[in-house]
Amino acid sequence: MRFIDKTRAQNRVTGLTINRRILNSCWNGICYVNLRYDTVDKTELIHHLVKEQDGYCCYCMRRLHLQNGENHRKNVTLEHVIPHKIELTDWESDRVKYRKYPSLNDRNVTVCPKGELTDPTFKFGMPPFPHFLSYDNLVASCDGKTLNEEAQEVPHHCCNNKRGNNYVEPLYFHENVSSEISYDARGHIQCPEEYEPYLGEKGINIMCRFLNDVRLFWRQIAYSEYTAEQVGEAESNEDLRTDIIDDVFTNDPTGHWLFLNEKNAWCIFSDYSWFYEYYHRT
Ligand SMILES: [Zn+2]
């Protein structure tokens, strides 16, 4: 996981400018009309957040795709740090936990219970901006599509899954997150015990078997003669794919890795090349 720094001047100016454009597009001179997260045009905001995160999911470090391509489908979603439709009672009980993060303090974000403006006649000029579309309260995450044990694609399995209004600690806002969360030689996450509920099955589910496998795959690649570029090239090159599997993974007597011969499985694994650099460094 990587620290997402919302105070970097250039990114911040752009993010807040986009926020203002969205707000102004709904202002009719007297009040806001249809200023809702689901109906406003968020294209520019999505592109900006993906760029801010260097194209990686804030949770699982998968590459984010803004549109469908030959080997990858669009997979970017926006994640609200303070949930989009938070109930007033949830906000009251979790307020202190959220507000301790500078980007979520009351100078940057104003919380609108259930994702609805409290006073549509109040015109926003400077932050705080409404939490449901605020640059400070949004990060880009993947859609959580993974493979199940039969190597079939399953949607919403991790990351931006149905967390509802539950509090999930925004670990990507910790400056030292890259040392707090590490990945061991088996591909498993090592972290302080208190974070496990947020990272585990009831949270964003990035300690799941699929992602352990993905990280182990990249660890094996990082320790082999192959490069991340070759793994990318093998998405469209079946012979190269077979060679990599033969050379790196066939010493596993269970035959566990043979599902990677399937192009769709390979392409999902290939999306996590961030871990190539990670395991090279460690
Ligand atoms: Zn993800």
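Residues numbered from 1 in each chain as written. Predicted model: local features only at pLDDT ≥ 70, side-chain atom pairs only at ≥ 80, totals over all residues.

Trainee: Where do I start with the domain arrangement of the chain in this structure?
Mentor: Interface size, as often reported, equals the accessible area lost upon joining of the parts. Segmenting the chain into domains produces domain 1 (1–207) and domain 2 (209–282). Here the C-alpha centroids of domain 1 and domain 2 sit 29 Å apart. Facing 19 residues of domain 1, the contacting portion of domain 2 comprises 20 residues. The residue makeup of the side of domain 1 that touches domain 2, split by class, is nine nonpolar, six polar and four charged. (Domains from an automatic or database assignment. Contact = placed C-beta atoms within 7 Å. Nonpolar A, V, L, I, M, F, W, Y, C, P; charged D, E, K, R; others polar.)

Trainee: Explanation requested: the pairing of strand 4 (residues 138–142) in the structure shown.
Mentor: In regular strands, side chains alternate between the two faces of the sheet. When you tally the buried positions in strand 4, you get five out of five residues, the bulk of the element. Judged by which residues are buried, strand 4 turns out to be covered on both faces: Leu 138, Ala 140 and Cys 142 on one side and Val 139 and Ser 141 on the other are all buried. In this sheet, strand 4 lies alongside strand 1 (residues 76–80) in antiparallel orientation, the contact comprising five bridges. Considered in strand 4, the bridge of His 80 is made with Leu 138. (Buried ≥ 20, exposed ≤ 12 C-beta atoms within 10 Å, placed from the backbone. Helix = DSSP H or I, 4+ residues; strand = E, 2+ residues; numbered from the N terminus. Pairing = 2+ DSSP bridges.)

Trainee: It is not clear to me how the nonpolar core should be interpreted in this structure. Could you clarify?
Mentor: A general trend in soluble globular proteins is that nonpolar side chains are found buried together. Of all hydrophobic cores here, the largest spans 55 residues; its most connected members are Cys 57, Tyr 59, Cys 60 and Val 139. Taken together, the elements giving at least two residues each to this core come down to helix 1 (9–25), helix 2 (43–52), strand 4, helix 6 (209–222) and helix 9 (263–270). No fewer than three residues from each of domain 1 (1–207) and domain 2 (209–282) sit in this core. For Cys 60, the residues in contact, after removing those within four places along its chain, are Cys 142, Cys 158, Cys 159, Ile 206 and Leu 211. (Core = buried A, V, L, I, M, F, W, Y, C linked by C-beta atoms within 7 Å.)

Trainee: Would you mind going over helix 9 with me for this structure?
Mentor: Since there are 3.6 residues in each turn of an α-helix, residues three or four apart along the chain are aligned in direction. Those residues of helix 9 not exposed but buried are Trp 266, Ile 268, Phe 269 and Ser 270. The inward-facing, buried residues of helix 9 contact strand 5 (146–147), helix 6, helix 7 (228–233) and helix 8 (238–249).

Trainee: I would appreciate a short explanation of unusual backbone geometry in the present structure.
Mentor: Across residues other than glycine, the phi torsion is negative in most instances, and most of the peptide bonds are trans. Pro 127 connects to Pro 128 through a cis peptide bond whose omega is 10°. Turning to its location among the elements, Pro 128 is positioned in the loop between strand 2 (109–110) and strand 3 (129–130). Positive phi is not limited to glycine here, since His 156 has a value of about 50°. In this structure, His 156 sits in the loop between strand 6 (153–154) and helix 4 (177–180). His 156 gets classed as partly exposed once you count the C-beta atoms within 10 Å, which come to 14. One non-glycine residue, Cys 159, lies in the positive phi region at around 60°. With respect to the helices and strands, Cys 159 occurs in the loop between strand 6 and helix 4.

Trainee: Can you walk me through helix 6 in this structure?
Mentor: The terminal C-alpha atoms of helix 6 lie 20 Å apart, and with 14 residues this matches the ideal 20 Å at 1.5 Å per residue to within 8%. Regarding helix 6, the residues found buried are Phe 210, Leu 211, Val 214, Arg 215, Leu 216, Phe 217, Trp 218, Arg 219 and Ile 221. Those residues of helix 6 hidden inside the fold are in contact with strand 5, strand 7 (182–183), helix 7, helix 8, helix 9 and helix 10 (274–281). (Expected span 1.5 Å × (residues − 1).)

Trainee: Is there a simple way to explain the packing of helix 1 against helix 2 in this structure?
Mentor: Pairs of packed helices are described in terms of their axes, by the angle between the two and the distance that separates them. For the pair helix 1 and helix 2, the least separation of the axes is 10 Å and the interaxial angle reads 165°. Taken together, the axis directions place helix 1 and helix 2 in an arrangement best described as roughly antiparallel. Where helix 1 crosses over helix 2, the handedness of that crossing is left-handed. Two secondary-structure elements touch here, helix 1 through Asn 11, Thr 14, Gly 15 and Ile 18 and helix 2 through Glu 44, Leu 45, His 48 and Glu 52. (Axes fitted to C-alpha atoms, helices over the stretch in contact; angles between N-to-C directions. Parallel < 35°, antiparallel > 145°, perpendicular 65-115°, else oblique. Left-handed = near helix turned anticlockwise from the far one by under 90°.)

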